[in-house]
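# Observations on the model geometry
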Amino acid sequence: MADAPLILVDGSSYLYRAFHALPPLTTSKGQPTGAVRGVVAMLKKEQKQYPQSTIVVVFDAKGKTFRDDLYGDYKSHRPPMPDEMREQIAPLHACVEAMGFPMIIHPGVEADDVIGTLAREASSRGKPVLISTGDKDMAQLVDENIGLINTMSGSHYDAAGVEKKYGVPPKLIIDYLALIGDKSDNIPGVPGVGDKSATPMLQALGGLDEIYANLDAIANLEFRGSKKMAEKLTEHKEAAYLSYQLATIKLDVELDLDPAELKNAEPDVERLKTLYSELEFKSWIKELDSGPDSFSLSQGDESLRASNAESKANQEVGQKVEPPRRETHYEIILDKEQLNRWVKQLKAAEIFAFDTETTSLDYMQAQVVGVSFALEPDRAAYVPIAHDYPAAPEQISKECLFEALAPVLSDRNKTLVGQNIKYDLSVLAQAGVQVDCKLADSMLESYVLDSVAGRHDMDSLALRHLDRETIHFEDIAGKGVKQITFNQIDLEQAGPYAAEDADITLQLHNKLHAELREKPSLLEVYEKIEIPLIRVLSRIERTGALINAKAMQAQSSEIAEKLIGLEKQVHELAGQPFNLASPKQLQHILFEKMQLPVLKKTPKGQPSTAEDVLQDLAADHELPALIVEYRGLAKLKSTYTDKLPLMVDERTGRLHTSYHQAVAATGRLSSTDPNLQNIPIRTEEGRRIRKAFIAEKGCKILAADYSQIELRIMAHLSQDEGLQKAFANNLDVHAATAAEVFAVDLSEVSADQRRSAKAINFGLMYGMSAFGLAKQLHIARKESQQYIDRYFERYPGVADVMETIRADAREKGYVETLFGRRLYLPQINARNGQLRAAAERTAINAPMQGSAADIIKRAMLAVDAWLVEEKPPVKMIMQVHDELVFEVEEAYLEKAREKIVELMQAAAHLSVPLLVEAGAGENWEEAH
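So, here's what we can say about the structure. Computed from a prediction, not measured in an experiment: that's the story for all the values here. (Residues numbered from 1 in each chain as written. Predicted model: local features only at pLDDT ≥ 70, side-chain atom pairs only at ≥ 80, totals over all residues. Heavy atoms only, no water.)

## Re the overall build of the protein chain
When helices and strands are tallied, the protein chain shows 38 helices and 22 strands. Along the longest, intermediate and shortest principal axes, the C-alpha atoms of the protein chain span 85 × 80 × 60 Å. Expressed as a percentage of its 928 residues, the buried residues of the protein chain come to 52%. Look at the contacts in the protein chain between residues 6 or more apart in sequence, and 68% of them connect residues 24 or more apart. Of the roughly 42200 Å² of accessible surface on the protein chain, 49% is carried by carbon and sulfur atoms. Here the protein chain holds 106 positive side-chain charges and 139 negative ones, and the gap between their average locations is 3 Å. (Helix = DSSP H or I, 4+ residues; strand = E, 2+ residues; numbered from the N terminus. Buried < 20%, exposed > 50% of the residue type's maximum accessible area, 1.4 Å probe, protein only. Contact = heavy atoms within 4.5 Å. Areas by Shrake-Rupley, 256 points an atom, 1.4 Å probe, with all protein chains shown as cover. Lys, Arg positive; Asp, Glu negative; His and termini not counted. Charge placed at Lys NZ, Arg CZ, Asp CG, Glu CD.)

Okay, structure coming up:
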């Protein structure tokens, strides 16, 4: 067996990356833990990948290093370490020590220098070394025995990999950094020299000394700016050589230890339990309680070494990608006898996981390439039916497969488990295959359990809940323009990938559904709302919406002409032509030439030209107002009027969106391809887009919209007498609020007062401050505070319920909707005031927005049940925010309107009326 590599971990690098890249987790007491969890998870992963290796973790010491003496501005631009990161250093160090890893912190030098010294010493003895880091400067250490890994990204570099990535071999990395500098460490480099000029110089001439010895030769090199490069290098020679010193990793640090004696110790399990308990890492406590676990040093199974991260590493250096070797039993089914054996087992099972492999992510276009299923953990099968690469083996026919599976898929007593099963149902429906099984979905189980815990895709869930790296699609299909479709992938790779999908889905379901059963209110949300909604959304998506493509194309042409006119106006006001899409050029025009006030800066210190900044400037200046108008029209054109006609399905002649249940934290649906939720309605051009959504001949569009549903939910939750009275008497609630806040008679409320009251009503539900309200209404902050104070005087129940919600959130760490859906708030007890305030604003809004989301979902279920049972001449074609859109035969319009309003208003029982307004017309806009 080859000598196990020494693993040298750049702990400080990973601490920074985990803090900034991962969700900001906190304990119920507000202690930040996200970075600790990220780094510990990475160490656990490395120990599984390299069970025989010594893993040494090195951190930066406090105080200055010799580089600060060389260059006073070294790292001087870095902001102070955030308190939330600083607070995680001590618990991270404690976890590392308790895990049994040698930990080194050496004063006067950086972690890089300690790692460099240890790596070079081990390499000189022929010992293989892997440096685990996210910093590119470590590439200078790579040699025949030393490689780099980045466990967070899965990348791996040997000498060839370094040269492929940076264009120069490891021996020239210091010279490379000396030329281009390093912004993260404030190493100056040579101004004007970037990657595209440094690389050709180093490749042609050699290192820094050779470049300065051959300055005359640079002008003959083929890169932009080569003619003047010699002047830049001559002018900044001192900076180049200083940068060389700063970038050079020290290889002779005098360490008070013998590197050869570094060994992992046995983990201190009791100490880990205490630490994990304090940090609330509950899943890891369970691991420790289960006996010999991932920390066991005797765990030398070779199968654990071939994780998917290593597959990625092989891909980086050009080796063939191999699937992970685990104790799994995956079959590729190529004959009827095999298939019949599996179908017999599926018929006998109460529950099984199922997944389709297809040619496209578009459910309307996708062709089934194969299906996989799993009956128990680590045992699954893949049935290919349409792999057509050269030399592909003979496969079972599509007809034979679905004929064999028909009795299984039509069995209403069985449970079919999927990961985003809606996609599979839609693909099967397009193929003429009906699924009548009960449904379960691991994606939705994760989402309902904790919508903000992270992403809910299978790869993320497998890593988070099963501590298992999966084969990624890119690993077997490639990336970008070179990516191939599934039917072109060799079965040796396609089979394990597809079977693993079903296997992991079943394992996730087993774990997540057990957790749901421990939380009855969440289980009810899952079983009564989310799971039934899968079939409803699939039907809506496949029905699609009809659009007038010609009208939309005509609008696109008109917008193009308007954009040309606006651009001309902008150039005239600016006094010169410039690229309106260039932030840099716009910065110059607005803040240098026109001397407009700088309202906000970018992270790099440049004046911001973001949308909110331009909106504020537009109130007093014509040019920013024109830019805002230009941007809005350009986005409208590129996102909708240009794009939607091209998205019409050739077979159906309709537009088919995809609705997503597991994206928005509050439970609202989102849609993509196209996004129907974001079509603007405040501008004439935006409303004109809705005019292009039309009905079939003989039909009308019916739009049914909940009226002020979130305010009604607030009235219900707060039981405030004033709000209750306004809704009970069917008053204009914004006008009623204006009458209360401005102390005028309802009949005397002005349009401006109503507008201000509307901003207050909705703003307070979103946790808006007096500053935010003042900004929105363009009034003084003192005046906006008076409005808010008066509002709470008039509606004391609202103030009380908001404080109750905040207090409950601080105690529980989450808030709930009327139907038991939870939104967890990891920052609700954060020490950072801004994070805590943001969490409190979310806490106030989530019960309203989440309850509204649940209500319209319940309405969709009720309406769909009516459509399926009675089959009226009505199609449900869209869901947008608090609105359902239908296509109805004209003769049935009034009956449909009456029934749909009845069903939607019965979707929830509040202490104030739940009002639905339904309009009809030739198009979607007319229906409002």
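## Details of the packing of helix 27 (residues 611-618) against helix 28 (residues 622-641)
Between helix 27 and helix 28, the shortest axis-to-axis distance is 7 Å and the interhelical angle comes to 135 degrees. As summarised for this structure, helix 27 and helix 28 are arranged oblique, according to the angle between their axes. As helix 27 runs across helix 28, the sense of the crossing is left-handed. When helix 27 is examined against helix 28, the residues Glu611, Leu614, Gln615, Leu617 and Ala618 are found in contact with a partner set consisting of Pro624, Ala625, Ile627, Val628 and Arg631. Class assignment for the residues of the contact of helix 27 with helix 28 results in seven nonpolar, one polar and two charged. (Axes fitted to C-alpha atoms, helices over the stretch in contact; angles between N-to-C directions. Parallel < 35°, antiparallel > 145°, perpendicular 65-115°, else oblique. Left-handed = near helix turned anticlockwise from the far one by under 90°. Nonpolar A, V, L, I, M, F, W, Y, C, P; charged D, E, K, R; others polar.)

## Quick look at the packing of aromatic side chains
Counting across every chain of the model gives 15 aromatic pairs. Look at phenylalanine 473 and phenylalanine 486: their rings are 6.4 Å apart centre to centre, the planes differ by 20 degrees, and that puts the pair in the stacked class. Placement of the pair is phenylalanine 473 in helix 22 (residues 473-477) and phenylalanine 486 in the loop between helix 22 and helix 23 (491-517), with a sequence separation of 13 residues. By relative accessible area, which is 24% here, phenylalanine 473 ends up partly exposed. The exposure class assigned to phenylalanine 486 is buried, which follows from its relative accessible area of 2%. With 4.9 Å between their ring centres and 55 degrees between their planes, tyrosine 791 and tyrosine 795 make a pair best called tilted. Look at tyrosine 791 and you get buried, because its relative accessible area is 2%. For tyrosine 795, a relative accessible area of 2% puts it in the buried group. Members of the aromatic cluster, joined through ring pairs, are Tyr382, Phe473, Phe486 and Tyr497. (Phe/Tyr/Trp six-rings, centres within 6.5 Å; stacked < 30°, edge-to-face > 60°.)

## Regarding empty space enclosed by the protein
To find leftover empty space, one rolls a probe the size of a water molecule over the atoms. Within the structure shown, the criterion is met by four cavities of 30 Å³ or more. Its volume calculated, the second largest cavity comes out at about 60 Å³. In this structure, the second largest cavity is lined by Ile540, Glu541, Gly544, Ala545, Leu655, His656, Thr657, Tyr659, Leu676, Phe693, Ile877 and Met878. Elements that contribute at least two residues to the lining of the second largest cavity include exactly helix 24 (520-543) and strand 20 (874-880). Split into classes, the residues belonging to the lining of the second largest cavity amount to eight nonpolar, three polar and one charged. (1 Å grid on protein atoms, 1.4 Å probe; cavity = no way out; pocket = protein on both sides within 12 Å on 5 of 7 lines; lining within 4 Å. Points joined across faces, edges and corners; volume = space filled by probe spheres on them.)

## Looking at the pattern of salt bridges
Counted by the stated rule, this structure contains 46 salt bridges. Residues arginine 688 and glutamate 685 are paired through a salt bridge, measuring 4.0 Å at the closest nitrogen-oxygen approach. On the criterion of helical spacing, the pair formed by arginine 688 and glutamate 685 is a turn pair, its members being three residues apart in helix 29 (residues 684-691). On the basis of relative accessible area, arginine 688 is assigned to the partly exposed category, the value being 24%. For glutamate 685, a relative accessible area of 8% puts it in the buried group. (Salt bridge = Lys/Arg side-chain N within 4 Å of Asp/Glu carboxyl O.)

## Observations concerning the sheet that holds strand 9 (residues 368-376)
An order of 7-10-9-8-11-12 is seen for the six strands of this open sheet, with the pairing classed as mixed. Looking along the sheet, the strands with just one partner apiece sit at the ends: strand 7 (329-332) and strand 12 (438-441). Mean inter-strand twist for the sheet, computed between neighbouring axes without regard to direction, equals 25 degrees. With six bridges connecting them, strand 9 and strand 10 (residues 379-384) associate as antiparallel partners. The residue of strand 10 that forms the bridge with glycine 370 is proline 384. (Pairing = 2+ DSSP bridges.)

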